[in-house]
Every structure is written in C-alpha cells, then in structure tokens.
There are 2 protein chains.
Amino acid sequence: MTKAPGHGGQPSPRDGRLSSPAPRVRLVDVAREAGLSKTTVSAALNGTGRLSPEVRERARETARSMGYRPNATARQLRAGRARLIGYVVGELADVPWTFLESPYFARLTGATAATALGRGYAMVLLPAGSLQSEWSALPLDAVIVADPVADDRIVDDLLAARIPVFSDRSVEGRPGAHWVDVDATAAVHRTLDHFLDQGARRPALVVPDSTTRFHREVFAAHHDWCAAHGLPELAVRAAEPGNGPVVRAVETALTGLPERPDALLVVAEASPPLVLDAARRHGYEVPGDLLLACVSEDETALHTEPRVTTLSLRPDAVAEAGIEHLVAVLEHGRVETGGTLVPVRLDVRASSVRPSGHPAPPPQPPCTSSPPT
Amino acid sequence: MTKAPGHGGQPSPRDGRLSSPAPRVRLVDVAREAGLSKTTVSAALNGTGRLSPEVRERARETARSMGYRPNATARQLRAGRARLIGYVVGELADVPWTFLESPYFARLTGATAATALGRGYAMVLLPAGSLQSEWSALPLDAVIVADPVADDRIVDDLLAARIPVFSDRSVEGRPGAHWVDVDATAAVHRTLDHFLDQGARRPALVVPDSTTRFHREVFAAHHDWCAAHGLPELAVRAAEPGNGPVVRAVETALTGLPERPDALLVVAEASPPLVLDAARRHGYEVPGDLLLACVSEDETALHTEPRVTTLSLRPDAVAEAGIEHLVAVLEHGRVETGGTLVPVRLDVRASSVRPSGHPAPPPQPPCTSSPPT
DNA sequence: ATGAAAGCGCTAACAC
DNA sequence: GTGTTAGCGCTTTCAT
C-alpha cells in the first residue's frame, strides 16, 4: 500500500519504519535540523522578519538540502484564501466540455488561465451546468462564468454560497456578481455598416438560437440596424452551434429566404472554409455575388481563397479585462465598478470587399433562389 | 475596503461590527447555535459517527438555516490531500496555451477534466514550459503532462518535488512517473495498410518536426513500414504545427517530392477542408488522384465534399485511461502497472476510398510535378 | 450517544 | 534578532 503523497503529509503518525514512502519534510523538521525555530526558518524562507543574513542563509541552505517544500494547503488555510478560481462556460450545457472545441472559447480559456496565473491565481475547469457537488469541495476564491445560458442555476448557486461571480452583463446588478462583456451591438452594426459601404443592400445574418446574452443581443442589434436602414431583415437562426447546424443555417440563408442576400454575416463558430464551400456549392461567388464575414477566431480564415473577413470578439482582451476586474475585487475590495465592455475587431479581408469593376447587384430582385447542388 | 471572502475565513478577529462583509459561518458557530459540539455537528453533516437521528437532523437543519458551508482548505489540510491535479500540454512550449486550439488537445483537455471531476479531482490548467513558481503554491496531488517535448524541465521538476507525474511513454521507467500513450505505430501502419489496400503505391506522410514522442514515433513507423513494403519513403516534416506550416508542408509533399504521391497521410492538426483545398489547388482530385487521410479530431472532416478519412487518436479514451491510472496510483498505491497503450480508430470516409472504375495509377512515373496555382 | 482536545503545517503577534 | 505561542477550520481518536 504505497502512499503517493504528492502534497500533504498524512495525519498519520510519522513512523520511522523502513519502506515508508519517505515522510514529507515539514517546516519543523528543517528548524530542528538547522537548530532554529519554525518562525525563524519561515521568515528566512519568506524573506520576512528581521534576520541576520547568516541565519537566513543557513536556514535556506538547510531547507534546500533537505528538499523542503512548503505545504500549499497549510499556507492557504493560514492565508484565508487559496488563490484558486473556477471557470465555467455556460453555453452548450447539454454537451459539457465541447466548448473547448470552439476557437473562441479555446482562446478565452487559455487567455484566462494565462492571465490569472500571471496574477497568481490558478484556474480549475468546471463543466457547464456544474452541480454544487462538483465545486463545493474546492476552495474557490471566485468563479468565472463565461456566457451563461438563461436557465443555468450555477450563478445563483455560487452567489448563494457567497462566491464572487464574474460573468457577462446578464448578471448585472446582482450583489456579488461582476461583469465583462463583448460589445455585441457594436460588432453587428460595424460589420453591417461595412457591408453597406461595400454596396450590399440585402445583408443576411446567421446566428445560433441560444439563450446566451451575446446571441440575443446580436439578433436584436441586427433587427434594429435593418429597421434603422430600411433594409429587409434577413436572419436565420441555427438550431444550435456547431459546424453541421450552422452550415445548414447558412444554406437556408442563401437559398431559403424571401430575398437572395448579397452579404452574409455568420455569428457562430463555424469553420470559415466550410462556410465558403457552402456558398460556392449554392452558386455564389465570394466576394463577387456575396460578401462574407464570420465572427470567428479560427485562423483557417487566413488560409482560404479568398481570405475570409472575420470579426474577432477579442477573447484575449476579454480575459484580461475579466481577470483585472477579478483581482481588483478580490484584492482591493473594488465593488463599485459597473463592468467592462470590450470592443471587437473587424479584420476586413478579401471575402467582404466588393471587387473593383464588379458593380453592386441590381436592386432587390424579389427572389432569385439558385438551385441547390 | 470590502473584503470578498468567497472561501476562507480571514485570520482577522471576528468583529461584530456593522458593514463588515458578513463573516463566514464556521462549524463552531453552527455547533454553538445548535447547542452541540463541533464533533457532533461534523459527524452529523458527514454522516459519520453514531448519532441519534434527532440530533443529526437538528444539526443539519441548523447548518442549513445558517448557510453553513465547510471550509474546503481546512478539510484538505486535515485530509492530507487536495484532490487537485495539474494539467500541462508540453507541445508548443514557445506559444503556451495555443494547445487548446488544437481539436485533439481541446478534447483531451475536456475529457481529462471531466473524467477527473467524476472521480473527485479538480484540474488546474498550467502552461507549457511552466515554472516551479507557477505551480509550487498549489496543493497538487499529481500532474498530467501531455506530450512533453524533449527539453521541457517540467517532468524533472515535478518528480524532484515528489509530485507523481502522468505522461506519455517517454517517462517510462522513472520513479514516480506513469504513462498512457497512443499507439502511434499501429496508427501509421494501419492507415498505410489501408492506402495499400486501396491501390496506393506512393503514400506520402506529413508530420510536424517536433520532439514529441508521438511525432517521432510516427516518423519512425512510417520509415519502417516503407522499408518493409519496399516502397519509397515520401515524408515531409512541417516546420511546426499549425495550419499555415502544415498546409505548406502538404504542398511540398504534393509537388516537391521525388515522386508524385498517390496517397497522403497528414499527421498534424490541420483543418481537413484546408488540406483538401490545397490538394485541389495543386491539381489533385480526391480521392481520384490522391487518397487522403488526416490524423484529426476536427469534425469539419464530416462536412467536406468528399468527407475526409480521419484517424482518431481517441483523446477521450486516453483521458479515461490516464485518470483511471492516476486514481489507482493515488488511492490504491498501485505502482507496478507499466502503463497503458490506447488503440487508435480509423474512420474511413470517401477521401481515401479509390472510386470503383478508377484504376490505380500506372506504376511510378519518376516525377510528374503539377504546376502550382 | 456526545464532547473535549489534539493536531494537520504554516504564519504572525508578541515576548524576550 | 530569535523563539514561544496561538490560532486558520476541520476531523478524529479517546474519554465519559
């Protein structure tokens, strides 16, 4: 029964028996060996207190030679916090963990973990729709809930447990909850304005039918923009995120709408090459017949022909703003800040630039559905 | 200066002052309120000890009404372990965190976190090439190191800190290190056999030039297979992983080798649609002129025309085997097990099936390089 | 059946 | 300068 310690010293008696798994070196062991007290060694190791340089050095040397490694849990207990934060992505709660397969969330996750670690916080991954039992045993200083869906209990549960929550604007106003969000409205308006600039008059939108704040705001922003510009509201909601459903929604947008669109904004994590292929299969030339822009962090957009215009939701910036905010709240008690809105970035590439010499198409032929392949 | 507690009770005096951040309810508070001792309440809550049903119920009720939540850190200290594991991906140590953008690692990461959580372990994300300082403050029971590169110090550092390491076969034989690996040789041989079955005689390989055990083994397996079958060894090493470099390597394989390949195995996380496009740009019809298979977990392979044959490295199975092994070691002291080899899965789709009526190309025309676009 | 007390390993007041 | 001591909040012998 070899015990693999890894971290903590068992509460079992430290027997000097042979074949034991080498009981872990404790602070007191170092102190005894060096002929000093725990206090002195602790101060020496932490660089605190007023110690003579010789003693400090001796303590350090002894600790090193004995292979001493402080017990993290004991320190945490003493410190009153564990510098540990949880991270959940709400979207796709029915298929937990798939979020990592989305380039946006992959980047958001990586950037959040990186930024947090830079500020001294480790990040544990939690599943969407996570239950109390899955996180209640963890000493979480806070939890980040990315894009919660409307019916996820997790935010309530966390707040009830008095764990600070950092999420999107949907938690605005709730005590203990803080937010950072992407400026979805600006994102949509900006892209549609760009389409308009390029001569498009029938821009269509594809967006997943999710209860995420982001997707709802996107839908609303598109609606408003179309109304404001007196243009037809051409929108298709994908049954769910994922390449299959989104590509199908794209096909619907291209062939099944009352008007044949001359521009397409895909606000869903679909693979840009697949979207491009779908357009071609349905007889659209990009950008000649159709201006294309995708909300995506997928770098494959750079390797297609033509390259695909993308709207980056700036996951790195979101992560940084979030952790910054989190640290401010946790370490300086800042609570008054309303939240942070992160601007998006439109990377215009060939797919959404009307080729010169290619005139804008004639105004609104009622419905020119092209035969599907 | 509002303190956001989240988890631990500060060592500061519990003052009854107003406007304080509501000091956290401790076990002793519940005990006092219920007129019981800490012991009894603890036993009641944990379902241990021999307590009268009434007392147990009373304790529970009091705890609930007071909103008592046990302090996780204190429990961990008592228990001697934190049920926390670290997770690092070695590959791409120069661009830490990008690993999540690879579908394989995204799935491996998600599946590992999910399986671990199912066994009661939370998983913290660590960056490739992580330094001591980034994890030494964490009470890690073990660390999973996925695909370490040859020069990464992390495995040594962890073992020196007596933290059990779970990694790939490259750590075999080192005390405290355990492994689970993908059967890379079988993967390559199986795919090449499949190509051979379909009539290919000049299969080419594209693999990143990394010091990962997996990639080295793939390269060696290909070499051996070609030698054993008396076929030319057509291999191109991509300078690094990532769509750009891999697509360029694919182009080299299609146009710059001594022989024009009639099959292509891409062992790198490139987007299947992009690989397909590259082949077409260079005048190959798939599967007519070129059989194509990609090592990939990317579901876009299902949405191309033709669908792309993929070789799945079974990240879910790897994760499960790894966590199973980890639990066995940590909780039952199993140390004798050598390791686990996870088989791969070849999903044959249209891209690697020679169309009927399409004869195998004539034997070896020396070099028929087609003009690049 | 219930409670008192020890102690997990560490840090920080506070003596000396 | 250095050591003694008192906890952080919890679980668990061991008395009663």
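Since this is a predicted model, take the numbers as computed values, not measurements. (Residues numbered from 1 in each chain as written. Chains lettered and ligands numbered in written order. Predicted model: local features only at pLDDT ≥ 70, side-chain atom pairs only at ≥ 80, totals over all residues. Heavy atoms only, no water.)

Caption draft 1: Local environment of the relation of the copies chain A and chain B. Rotating chain A by 180 degrees and moving it 0.0 Å along the rotation axis overlays it on chain B with an RMSD of 0.1 Å. Such values leave the two copies arranged in the relation of a two-fold axis. Closest to the rotation axis within chain A is the C-alpha of Val124 of chain A, separated from it by 2.1 Å. By residue overlap, the copies meet face to face through one surface: 100% of the interface positions of chain A are interface positions in chain B. (Least-squares fit on C-alpha atoms with pLDDT ≥ 70 in both. Contact = heavy atoms within 4.5 Å.)

Caption draft 2: Representation of the protein's contact with DNA strand C. The local shell around DNA strand C holds 24 residues, among which Leu27, Lys38, Tyr68 and Arg78 of chain A together with Thr40 of chain B are the closest. A share of 61% of the atoms of DNA strand C within 4 Å of the protein falls on sugar and phosphate groups. Ser42 of chain A places a side-chain nitrogen or oxygen 3.0 Å from a phosphate oxygen of DNA strand C. Contacts to DNA strand C include Asn71 of chain A, whose backbone N or O atom sits 3.0 Å from a phosphate oxygen. Within the residue set of the surface near DNA strand C, elements represented by two or more residues are helix 2 (38–46) and helix 4 (72–79) of chain A together with helix 2 (38–46) and helix 4 (72–79) of chain B. No other element matches the 4 residues that helix 2 of chain A contributes to the surface near DNA strand C. Looking at side-chain class alone, the surface near DNA strand C contains 8 nonpolar, 9 polar and 7 charged residues. (Near = heavy atom within 4 Å. Polar contact = N/O pair within 3.5 Å; in protein donor to acceptor, adjacent residues only side chain to side chain. Helix = DSSP H or I, 4+ residues; strand = E, 2+ residues; numbered from the N terminus. Nonpolar A, V, L, I, M, F, W, Y, C, P; charged D, E, K, R; others polar.)

Caption draft 3: Spotlight on the protein's contact with DNA strand D. In the vicinity of DNA strand D lie 25 residues, with Thr39 of chain A together with Leu27, Lys38, Tyr68 and Arg78 of chain B positioned nearest. Among atoms of DNA strand D positioned within 4 Å of the protein, sugar and phosphate together represent 59%. The separation between a base nitrogen of DNA strand D and a polar side-chain atom of Arg78 of chain A is 3.4 Å. One of the side-chain N or O atoms of Asn46 of chain B is found 3.2 Å from a phosphate oxygen in DNA strand D. Contributions of two or more residues to the surface near DNA strand D are made by helix 2 and helix 4 of chain A together with helix 2 and helix 4 of chain B. Element by element, the count of residues in the surface near DNA strand D is highest for helix 2 of chain B, at 4 residues. Residues of the surface near DNA strand D, tallied by class, amount to 8 nonpolar, 10 polar and 7 charged.

Caption draft 4: Quick look at the state of the cysteines. Residues and elements named next belong to chain A. Counted by the stated rule, this structure contains 0 disulfides over all chains. Cysteine Cys294 is unpaired, with the sulfur of Cys226 as its nearest cysteine sulfur at 18 Å. Of the residues examined, Cys294 reaches a relative accessible area of 1% and is grouped as buried. (Disulfide = S-S within 2.5 Å. Buried < 20%, exposed > 50% of the residue type's maximum accessible area, 1.4 Å probe, protein only.)

Caption draft 5: Layout of helix 5 (residues 103–118) of chain B. All names here are of chain B. Here helix 5 contains 16 residues, and its C-alpha end-to-end distance of 22 Å stays within 8% of the 22 Å for a straight helix at 1.5 Å per residue. Of all 16 residues in helix 5, 13 are buried; the element is thus mostly enclosed. Looking at the residues trailing helix 5, positive phi occurs at Gly120, about 90 degrees. (Expected span 1.5 Å × (residues − 1).)

Caption draft 6: Representation of the packing of helix 5 (residues 103–118) of chain A against helix 12 (residues 315–332) of chain A in the model. Residues and elements named next belong to chain A. For the pair helix 5 and helix 12, interaxial distance at closest approach is 8 Å and the crossing angle is 35 degrees. As helix 5 runs across helix 12, the sense of the crossing is right-handed. Of the residues in helix 12, those in contact with Tyr104, Arg107, Leu108, Ala111, Thr112, Thr115 and Ala116 of helix 5 are Pro315, Asp316, Val318, Ala319, Glu320 and Ile323. Here the residues of the contact of helix 5 with helix 12 are counted per class, giving 8 nonpolar, 2 polar and 3 charged. (Axes fitted to C-alpha atoms, helices over the stretch in contact; angles between N-to-C directions. Left-handed = near helix turned anticlockwise from the far one by under 90°.)

Caption draft 7: Representation of the packing of aromatic side chains within the structure. Counted by the stated rule, this structure contains 8 aromatic pairs over all chains. Look at Phe99 of chain B and Phe105 of chain B: their rings are 6.5 Å apart centre to centre, the planes differ by 90 degrees, and that puts the pair in the edge-to-face class. Under the relative-accessibility criterion, Phe105 of chain B is labelled buried at 6%. Linked through ring pairs, Tyr87, Trp97, Phe99, Tyr104 and Phe105 of chain A together constitute an aromatic cluster. (Phe/Tyr/Trp six-rings, centres within 6.5 Å; stacked < 30°, edge-to-face > 60°.)

Caption draft 8: Quick look at the pairing of strand 9 (residues 291–295) of chain B. All names here are of chain B. For strand 9, the tally of buried residues reaches 5 of 5 residues, placing the bulk of the element in the interior. The alternating pattern of strand 9 places Leu291, Ala293 and Val295 and Leu292 and Cys294 on opposite faces, both of which are buried. In this fold, strand 8 (residues 263–266) hands off to helix 11 (residues 272–281), which returns the chain to strand 9; that crossover is right-handed. Pairing analysis gives 3 bridges linking strand 9 to strand 10 (residues 309–312), with the strands arranged parallel. Bridging from a neighbouring strand, Cys294 pairs with Thr310 of strand 10. (Right-handed = clockwise from strand over helix to strand, strands pointing away. Pairing = 2+ DSSP bridges.)

Caption draft 9: Just the UniProt feature "domain: HTH lacI-type" (unreviewed entry) in chain A, in detail. Under the present numbering, the feature "domain: HTH lacI-type" (unreviewed entry) in UniProt falls on residues 25–79 of chain A. Taken end to end, residues 25–79 of chain A is 71% helix and 0% strand, and its first and last C-alpha atoms sit 21 Å apart. (UniProt positions renumbered as here; feature names shortened; annotations may be inferred.)

Caption draft 10: Examining the sheet that holds strand 12 (residues 345–347) of chain A more closely. Residue and element names in this part refer to chain A. With mixed pairing, 6 strands are arranged side by side in an open sheet as 7-6-8-9-10-12. With partners counted over all chains shown, the strands left at the sheet margins are strand 7 (234–238) and strand 12, one partner each. Recorded for the sheet is a direction-independent mean angle of 15 degrees between the axes of neighbouring strands. As paired strands, strand 10 (residues 309–312) and strand 12 are joined by 3 bridges and run antiparallel to one another. Bridged to Ser312 within strand 12 is Arg345. In the packing of helix 9 (residues 213–229) onto the sheet, the strands contacted are strand 6 (203–208) and strand 7, and the crossing angle to strand 6 comes to about 165 degrees. Where helix 10 (residues 243–255) meets the sheet, it contacts strand 6, strand 7 and strand 8 (263–266), and its direction lies at approximately 155 degrees from that of strand 7.

Caption draft 11: Up close: helix 9 (residues 213–229) of chain B. Residue and element names in this part refer to chain B. For helix 9, which comprises 17 residues, the first-to-last C-alpha distance of 24 Å matches the rise-based estimate of 24 Å (1.5 Å per residue) to within 8%. Three or more residues of helix 9 are buried, namely Arg213, Phe214, His215, Glu217, Val218, Ala221, His222, Trp225 and Cys226. Looking at the buried residues of helix 9, the elements they touch are strand 5 (177–182), helix 8 (184–197), strand 6 (203–208) and strand 7 (234–238). Remark: Gly230 follows helix 9 within two positions and exhibits a positive phi of approximately 60 degrees.

Caption draft 12: The arrangement of the domain arrangement of chain A in detail. All names here are of chain A. Taken as a whole, chain A is organised into domain 1 (21–70), domain 2 (84–181 + 316–343) and domain 3 (184–313 + 347–352). Put simply, the middle of domain 2 and the middle of domain 3, counted by C-alpha atoms, are 28 Å apart. Contact residues are listed per partner, giving 15 residues for domain 2 and 13 residues for domain 3. Of the roughly 1,200 Å² buried between domain 2 and domain 3, counting both surfaces, carbon and sulfur atoms make up 53%. For the domain 2 face of the interface with domain 3, the top three residues by lost area are Glu91, Pro103 and Tyr104, together amounting to 35%. The interface formed by domain 2 and domain 3 includes 2 salt bridges. The residue Asp181 makes a salt bridge to Arg213 at a minimum N-O spacing of 2.9 Å. Where domain 2 packs against domain 3, one counts 5 residue pairs in polar contact (both at pLDDT 80 or more). If you tally residues by element for the side of domain 2 that touches domain 3, the top one is helix 5, at 3 residues. (Domains from an automatic or database assignment. Buried area = accessible area lost by both parts, 1.4 Å probe. Salt bridge = Lys/Arg side-chain N within 4 Å of Asp/Glu carboxyl O.)

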